[in-house]
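# Results of the structural survey
Chain residues, written in single-letter form:
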Amino acid sequence: MTKVGFIGTGSMGQILVDAFIKSAALLPSDIVISNRTRQKAERLAQHYPGMRVAIDNVDLVKDCDVFFICVKPLEYGHVLDQIRDATRPEQLVISITSPVMLRDIEARIPAKVAKIVPSITNLALCGASLFMYGSRLNLEDRQRLHRLFQQISRPVEVQEAHVRVSSDLASCAPAFLSFLMERLVNAAVEVTNIPRKTAESLVSEMIVGVGQLLTEAGFTLDTLQERVAVPGGVTRDGLDLLDREIGTAFNDLLQLTQQKHEKDLLHVAHMFADDCP
């Protein structure tokens, strides 16, 4: 059985482990994990009997045909230097970190490299996963990764140049949407005194229903609004108010994330330049 490794068991690394096991795409015994704080990896392994905690990153790489790098961007240089001599050309290595470029990873290790950005929605075995392929993967490698992630998501291939905005829409937007829905619930409670649990339940069920309408019932964002907002009705008045009040908020949001991404790219580029022998 192919062993699948996870270097880093922080938030996104654990999301992937949980999702793959929940979907039965992987068994705990298929998985090897490592973490800078070993106790954190051991706690995850205790939750899934049969999962192995590697002695270190090199031990993990030697034992796995496929492994994920789930560490912060500025930790990549150190991790790649650690595992360089243990990495094999036939291995599949998946980075889940937006600012670290595929070409920089390929320059450090001889393996086949892909970048796949997951989303918290993958815990529910839905949502998108963003796929970018390095230069060494063949069709069989791509199909293998596609089959794996198809168990927990809908794989969507994107250009690496669009990874930031794609991540905003697929990975950050659940938090943005939750923030907006929380504000809606807060307003409902303040204005009408509806019980909070009732308001939260109604909003949660609404989000599930909207998702199904958009993915299964043939609606688009535009046609869904048209169907609900009849002329002269309260929904149309509400949409008009939102259009006035929101203004450029989302443009400003995406400008902010793009600027942060550009800074991260510079920091990562400097890291790789400084690490060069």
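Everything below is about the structure printed above this text.
Here we summarise the structure given alongside this text. (Residues numbered from 1 in each chain as written. Predicted model: local features only at pLDDT ≥ 70, side-chain atom pairs only at ≥ 80, totals over all residues. Heavy atoms only, no water.)

### Some words on the sheet that holds strand β5 (residues 92-95)
Here we have 8 strands laid out as an open sheet, ordered β3-β2-β1-β4-β5-β6-β7-β8, and mixed in their pairing. Across the chains shown, the open sheet's two edge strands, defined by having one partner strand only, are β3 (52-53) and β8 (154-157). The pairing of β5 with strand β6 (residues 112-117) spans 4 bridges and is classified as parallel. Counted as the bridge partner of S95 is K115 from β6. Docked against the sheet, helix α4 (residues 76-83) engages β1 (4-7), β4 (66-69) and β5, running at close to 155 degrees with respect to β4. (Pairing = 2+ DSSP bridges. Helix = DSSP H or I, 4+ residues; strand = E, 2+ residues; numbered from the N terminus. Contact = heavy atoms within 4.5 Å. Axes fitted to C-alpha atoms, helices over the stretch in contact; angles between N-to-C directions.)

### Thoughts on unusual backbone geometry
Its identity is not glycine, yet L125 carries a phi of approximately 60 degrees, on the positive side. Checked against the element boundaries, L125 lands in the loop between β6 and β7 (128-133). Judged by relative accessible area, L125 falls into the partly exposed class, the value being 33%. Phi at N193 is positive, roughly 65 degrees, even though this residue is not glycine. (Buried < 20%, exposed > 50% of the residue type's maximum accessible area, 1.4 Å probe, protein only.)

### Considering the packing of aromatic side chains
What describes a pair of aromatic rings is the distance from one ring centre to the other and the angle between the planes of the rings. Per the stated rule, a full pass over the model turns up 7 aromatic pairs. Aromatic side chains F6 and F20 sit 6.4 Å apart centroid to centroid with 45 degrees between the ring planes, which places their arrangement in the tilted category. Remark: F20 occurs in helix α1 (residues 11-22) and F6 occurs in strand β1; sequence separation between them is 14 residues. Like F6, the residue F20 is buried in the burial classification. Residues F20 and F149 carry aromatic rings whose centres are separated by 5.3 Å and whose planes lie at 80 degrees to one another, so their mutual orientation is edge-to-face. Note that F20 is positioned in helix α1 and F149 in helix α6 (residues 139-150), a separation of 129 residues in sequence. Across this residue pair, the class does not change: F20 and F149 are buried. Grouped by ring-pair contacts, the aromatic residues F6, F20, F68, F131, Y133 and F149 constitute a single cluster. (Phe/Tyr/Trp six-rings, centres within 6.5 Å; stacked < 30°, edge-to-face > 60°.)

### Looking at helix α10 (residues 234-246)
Taking 1.5 Å of rise per residue, the 13 residues of α10 would be expected to cover 18 Å, and the 18 Å separating its terminal C-alpha atoms lies within 8% of that figure. Looking one or two residues beyond α10, the residue adopting positive phi is G247, at roughly 55 degrees. (Expected span 1.5 Å × (residues − 1).)

### Considering the pairing of strand β2 (residues 31-34)
Residues I31 and I33 of β2 are buried on one face, and the alternating residues V32 and S34, pointing to the opposite face, are buried as well. As paired strands, β1 and β2 are joined by 4 bridges and run parallel to one another. Paired with I7 across the strands is S34, a residue of β2. Between the parallel pair β1 and β2, the chain is carried across by α1, and the sense of this crossover is right-handed. Taken together, the 2 bridges between β2 and β3 define a ladder with parallel strand orientation. Directly across from V32, in β3, lies its bridge partner R52. (Right-handed = clockwise from strand over helix to strand, strands pointing away.)

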